[in-house]
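Coordinate analysis (summary)
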Amino acid sequence: MAALGWLTPRRRSATARSVLAGEASAEAARKTALADEAPGGPDFTTTAEAERAAAAEPEAPQEPEAPAEAEEPEFPVAGDDLAAAFFDLDNTVMQGAAIFHFGRGLYKREFFRRRELARFAWQQAWFRLAGVEDPEHMQDARDSALSIVKGHKVSELMSIGEEIYDEYMAERIWPGTRALAQAHLDAGQKVWLVTAAPVETATIIARRLGLTGALGTVAESVDGVYTGRLVGEPLHGPAKAEAVRALAAAEGLDLARCAAYSDSHNDIPMLSLVGHPYAINPDTKLRKHARSQDWRLRDYRTGRKAVKIGVPAAAGVGAIAGGTAAAIALHRRRK
């Protein structure tokens, strides 16, 4: 039974390594965001504007619901520059886990062998079926990824990451969550992804979606080459909260006026930091906690909720076994 230990989530508090990971992530996020804002920085205007336009398309008329819910005050508050929004990535903004999609893309480019692809496919299938971000399970996946990228240039992986986003991730963005992020942008607020995925991968996704930037796991590099080690630990659970706390302090934000969005109970520390926590596509534990705390809930996976927000009811149905099926199909094409 010891081999199945990763099936049981373990809640833990922040440690020195969590704080280090959070601070390193916040520093990397601000550095990248400032570089993007500088003249000559990366230009993803066309893609970002196209995706924002798609998210802003008018929805079909909806039948009034009964009984009507109590009207909520306007949120986000336009012009509130002391507020920002923090979005978890996996199963909140995007269906599935970014690290697994990244692994599939690296396999296609022959970064590793068939046996390792099978491992990635199984991890992705489990993640989608269980909908649980277990720290040990995710750590195992990241250890695999770190061993694969060791010795490669950061610039090389960034370039490949752009291609992988187009191949595997772009079509997996939840329209409903994307619209929530756009509402904050339209209100003049900064919007950050907060994820255990590599900060480089998270930054690419944030840029493509027209967001401000991303907090992610920082892999150590020397002279622009990955060493195969992390700075601190994966940005998961308490480390996410530390990253948000560090970024808010550096940006002069009032966390009581900020919002955070996540699907996982592992992100309760991050959600508890802000004045406006949202449970998005929540797992069972987060749903229960959110209800007990009177947090707002949004679920874009079910037919009822999907109709309410204009998202196709089957948007997530076919994705359940997508990772494994795609991996098998890729093997067959390569034979």
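Residues numbered from 1 in each chain as written. Predicted model: local features only at pLDDT ≥ 70, side-chain atom pairs only at ≥ 80, totals over all residues. Heavy atoms only, no water.

1. Regarding the sheet that holds strand β3 (residues 213-217)
- Taken in spatial order, the 6 strands of this open sheet run β3-β2-β1-β6-β7-β8, and their pairing is parallel. In the strand order of this sheet, the two ends are held by β3 and β8 (296-298), each with one partner. Averaged over all adjacent pairs, the angle separating strand axes in this sheet is 20°, with direction ignored.
- Both strand β6 (residues 259-262) and strand β7 (residues 276-280) contribute to a ladder of 4 bridges, which runs parallel. Among the inter-strand pairings, A260 is bridged to a residue of β7, identified as P277.
- Set on the sheet, helix α8 (residues 199-208) makes contact with β2 (190-198) and β3; between it and β2 the angle comes to about 145°. (Pairing = 2+ DSSP bridges. Helix = DSSP H or I, 4+ residues; strand = E, 2+ residues; numbered from the N terminus. Axes fitted to C-alpha atoms, helices over the stretch in contact; angles between N-to-C directions. Contact = heavy atoms within 4.5 Å.)

2. Some points on the pattern of salt bridges
- A full pass over the atoms with the stated rule returns 15 salt bridges.
- Note that R30 and E251 form a salt bridge whose closest N and O atoms lie 2.9 Å from each other. Within this pair, whereas R30 is found in helix α1 (residues 16-37), its partner E251 is found in helix α9 (residues 238-251), the two being separated by 221 residues in sequence.
- Note on R30: relative accessible area 28%, which makes it partly exposed. (Salt bridge = Lys/Arg side-chain N within 4 Å of Asp/Glu carboxyl O. Buried < 20%, exposed > 50% of the residue type's maximum accessible area, 1.4 Å probe, protein only.)

3. What to know about unusual backbone geometry
- Of note, the phi angle at N91 is positive, near 65°, even though the residue is not glycine.
- Mapped onto the fold, N91 is located in the loop between β1 (84-88) and α3 (98-108).
- When its relative accessible area of 14% is taken as the criterion, N91 is described as buried.
- For D294, which is not glycine, the phi dihedral falls at a positive 60°.
- Mapping D294 onto the fold places it in the loop between α11 (284-293) and β8.
- Owing to a relative accessible area of 70%, D294 belongs among the exposed residues under this scheme.

4. Comments concerning the nonpolar core
- Judged by nonpolar contacts, the single largest core of 43 residues is most densely connected at F87, L106, M169, L193, I205, L211 and Y261.
- Broken down by element, the residue count for this core peaks at 8 residues, all from helix α6 (residues 154-169).
- Not counting chain neighbours up to four residues away, the residues in contact with F87 comprise V93, T177, L180, A181, H184, V191, W192, L193, V194 and Y261.
- Judged by nonpolar contacts, the second largest core, of 29 residues, contains A21, A239, I268 and M270. (Core = buried A, V, L, I, M, F, W, Y, C linked by side-chain atoms within 4.5 Å.)

5. Overview of α11
- At the N-terminal boundary of α11, the capping side chain belongs to D283, with an oxygen 3.3 Å from the backbone nitrogen of K285.
- Just past α11, the residue D294 takes up positive phi, approximately 60°. (Polar contact = N/O pair within 3.5 Å; in protein donor to acceptor, adjacent residues only side chain to side chain.)

6. Things to note about the pairing of β1
- With 5 of 5 residues buried, β1 is to be regarded as a mostly interior element.
- Burial of the side chains of β1 extends over both faces: A84, F86 and D88 are buried on one face and A85 and F87 on the other.
- As defined by bridge partners, β1 adjoins β2 across 5 bridges and the pair is classed as parallel. Its bridge partner lying in β2, A85 is registered against V191.
- Summarising the sheet, β1 and β6 pair through 3 bridges and their orientation is parallel. Bridge pairing in β6 links F86 to A260.

7. Topic: the pairing of strand β5 (residues 225-230)
- Two strands pair when backbone bridges link them, and strand β4 (residues 219-222) and β5 are joined in this way by 3 bridges, in the antiparallel orientation. Bridging from a neighbouring strand, S221 pairs with Y226 of β5.
- The antiparallel hairpin formed by β4 and β5 contains 2 residues in its connecting segment, where D223 sits at a positive phi of about 55°.

8. Here we look at the packing of α3 against α6
- Relative to each other, α3 and α6 sit at 105°, their axes nearing to 9 Å. The pairing of α3 with α6 is recorded here as roughly perpendicular in orientation. Contacts between α3 and α6 pair A98, H101, F102, R104, G105, L106 and K108 from the former with L157, I160, G161, I164, E167, Y168 and M169 from the latter. (Parallel < 35°, antiparallel > 145°, perpendicular 65-115°, else oblique.)

9. Comments concerning the environment of A24
- Here A24 shows up in helix α1.
- Once the C-alpha coordinates of A24 and A219 are considered, the two residues, 195 residues apart in sequence, prove to be 9.8 Å apart.
- The contacts of A24, once residues within four sequence positions are left out, are V218 and V231.

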